[in-house]
Structure formats: C-alpha cells, structure tokens
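Inside the fold
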Amino acid sequence: MPIGTAGGYRPRVGQSLLRDQAINGRRETEPKYICHCGQTFTSASHLRDHDERHRNEMQCPCDASGCSMRFNTKGDLRSHIRNKHQAPLTRR
Ligand SMILES: [Zn+2]
Ligand SMILES: [Zn+2]
C-alpha cells in the first residue's frame with residue numbers, strides 16, 4: 001500500500017455530491033473520499049474500513065409478507081416489527 005500519496009490527489013469519487021453540502025471553507029483536510037451513503041473520509045483506508053460496514057449491514061430482513069425492509073441488527077428488526085407489524089401493546 002502506498003503511503004503519503006494522498007497529498008494532492010483527487011480521485012473522481014465525489015462527483016457533484018459535495019455541491020449540495022455546506023462545506024466550511026476549503027482546507028487541506030477536505031474529505032476526498034466519499035462513500036455512496038454520503039459519508040466523507042480523508043483517507044482511502046478510512047473509507048474502506050467504513051465500506052466494510054456496508055457489507056455487513058442489512059443482514060436482518062423482515063419476514064413480514066409484503067415488507068422488504070432490512071436491518072443492521074436483530075434489535076432494529078424487532079423494534080420495526082413491533083412498530084409496524086404488531087398492534088401496540090401499551091394499552092391494557
Ligand atoms: Zn457509507
Ligand atoms: Zn417489516
């Protein structure tokens with residue numbers, strides 16, 4: 001892995017994503033690596049690290065019929081099911 005090559009190098013990953021975001025001035029630390037989710041990173045390894053999460057996420061699909069939602073964790077899935085597919089049980 002080359003180290004220290006990120007100096008003035010601007011890969012074409014950002015496209016026009018940054019145009020809609022308010023960036024406070026242009027600095028040397030301006031994020032150059034942009035994930036498809038919109039998060040920005042100042043180094044390729046950070047982006048790659050972050051991208052790993054995308055591959056591991058959404059592993060918990062909802063099995064309710066007609067629902068195609070997916071979640072990162074079983075906890076998220078469970079609360080989704082409780083909120084969307086079950087009648088609220090707060091009343092007695
Ligand atoms: Zn991302
Ligand atoms: Zn669902």
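Within any chain, residue numbers begin from 1 and follow the written order of that chain's sequence. Key to labels: chains lettered from A, ligands numbered from 1, both in the order written. For a predicted model such as this one, the threshold for reporting local features is a pLDDT of at least 70, and the threshold for listing and counting side-chain atom pairs is 80 or more; totals across whole chains, interfaces and linings nevertheless cover every residue.

Notes on the overall build of the protein chain
When helices and strands are counted, the protein chain shows two helices and four strands. Secondary structure elements of the protein chain occur, N-terminal to C-terminal, as β-β-α-β-β-α. Think of it as a crowd count around each C-beta: if 20 or more other C-beta atoms lie within 10 Å the residue is buried, if 12 or fewer it is exposed, and in between it is partly exposed, with C-beta placed from the backbone throughout. For the protein chain, with 92 residues in total, the buried portion stands at 1%. Long-range pairs, those at least 24 residues apart, make up 6% of the contacts in the protein chain with a sequence separation of at least 6. Segments assigned H or I by DSSP are reported as helices when at least four residues long, segments assigned E as strands when at least two residues long, and all are numbered from the N terminus. C-beta atoms are placed from the backbone for every residue, and two residues are taken to be in contact when these atoms lie within 7 Å.

Thoughts on helix α2 (residues 74–85)
For a helix, the expected span equals 1.5 Å multiplied by the residue count minus one. When the terminal C-alpha atoms of α2 are compared, their 15 Å separation across 12 residues agrees well with the 16 Å that a helix rising 1.5 Å per residue should span. Here α2 lies mainly on the outside; zero of its 12 residues are buried.

Focus: the UniProt feature "domain: C2H2-type" (unreviewed entry) in the protein chain
UniProt positions are given in the numbering used here, feature names are shortened, and annotations may be inferred rather than shown by experiment. According to UniProt, the feature "domain: C2H2-type" (unreviewed entry) maps to residues 33–59 in the numbering used here. The annotated region residues 33–59 carries 48% helix and 15% strand content, and the separation between its end C-alpha atoms amounts to 25 Å.

Side note on the environment of C37
Within the fold, C37 resides in the loop between β1 (33–34) and β2 (40–41). We classify C37 as exposed; it has 9 C-beta atoms within 10 Å. On a C-alpha basis, the gap between C37 and D51 in space is 9.4 Å, while along the polypeptide they are 14 residues apart.

Some details on the environment of E57
Structurally, E57 can be placed in the loop between α1 (44–56) and β3 (60–61). Residues E57 and N72, 15 residues apart in the sequence, show an inter-C-alpha distance of 4.7 Å.

Section: α1
In this model α1 runs 19 Å from its N-terminal to its C-terminal C-alpha over 13 residues, within 8% of the 18 Å that 1.5 Å per residue would give. Within α1, only zero of the 13 residues are buried, which leaves it mostly out in the open. Count one or two residues on from α1 and you reach M58, which has phi positive near 60°.

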